[in-house]
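Each chain, letter by letter, is given below.
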Amino acid sequence: MDAAAINWRNQLEPETRQLLLKNIITKLKFGHLPGDYDEDLELQKLAHSIEQKSYAGATTQADYFDKIASKILLLEKAREREWRHQLHPESRQRIVNKITDTLRRHIPVSGPEGSQELWKIARRFEEKIFEAATSQSDYLRKISLKMLTMETKSQGSHGQLSNQLGLNNQPANPDDTNPRQHGSRNRRMPAWTDDYHMG
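Starting afresh in each chain, residues are numbered from 1 along the sequence in its written order. Per-residue local features of the predicted model are confined to residues with pLDDT of at least 70, and side-chain atom pairs are confined, for both listing and counting, to 80 or more; whole-chain, interface and lining totals are unaffected and use all residues. For side-chain calculations, the full set of non-hydrogen atoms in the structure is used, while hydrogens and water are omitted.

Next up on the list: the packing of aromatic side chains. Whether two aromatic rings pair depends on their centres lying within 6.5 Å, for rings of Phe, Tyr and Trp, where Trp uses its six-membered ring; planes under 30 degrees apart make the pair stacked, over 60 edge-to-face, and the rest tilted. Scanning the entire structure with this criterion turns up 7 aromatic pairs. Ring geometry for Trp8 versus Tyr55: centroids 5.6 Å apart, planes at 65°, classification edge-to-face. Here the residue Trp8 occupies a position in helix α1 (residues 3-11), and Tyr55 occupies one in helix α3 (residues 37-57), the gap between them amounting to 47 residues. According to the relative accessible area criterion, Trp8 is buried, its value standing at 6%. Partly exposed describes any residue whose relative accessible area lies between the buried limit of under 20% and the exposed limit of over 50%, with all areas from a 1.4 Å probe on protein chains only and scaled to the type maximum. Residue classification places Tyr55 among the buried positions, given a relative accessible area of 18%. Their ring planes at 35° and their centres at 5.6 Å tell us that Trp8 and Tyr64 sit as a pair that is tilted. Highlighted residues: Trp8 in helix α1 and Tyr64 in helix α4 (residues 61-86), separated in sequence by 56 residues. Residue Trp8 shares its accessibility class with Tyr64, and that shared class is buried. Cluster of aromatic residues (ring-pair linked, three or more members): Trp8, Tyr55, Tyr64 and Phe65. Numbering goes from the N terminus for both helices and strands, where a helix is a DSSP run of H or I of at least four residues and a strand is a run of E of at least two.

See the structure below:
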């Protein structure tokens, strides 16, 4: 090992390496579902491996930074190609459950039939976005945006949630003439669920 290689390592502050490590972890976690302890641990191990191998193999500080950037870029490209295979069914089910919970907060239903109907809407919602997404981060972004749309539209233009949900037997939208009924109480499903309704 020549003097130049030794010198750049001596000049690199430990705080700089820690900051780079945190940035690598953030990059690796982007597009992954939060709350999975085992997955988070694996990503942290991968980040440590990337940083340490780049540090050990680099000949200069610039080379060290370049090696880290190259490895992350390769991982991101691989993730974009294989993200559907890497997304665990349990993760998708958690998302369907979250969508169902969001629907349940804004659509009054009763009994098992009503709950099953909401679950079908949520499942169809997730499946359409899963097929349309180009990467895991795109998938999660689309899910988040659609759920935000649900929350916004369910409030109604004047905050009259009961009208939006059809509790007063009025259409949720003046142009909506589709008499979709739901459950034993004959409550209409909001118009914004139509794209995700499984007949």
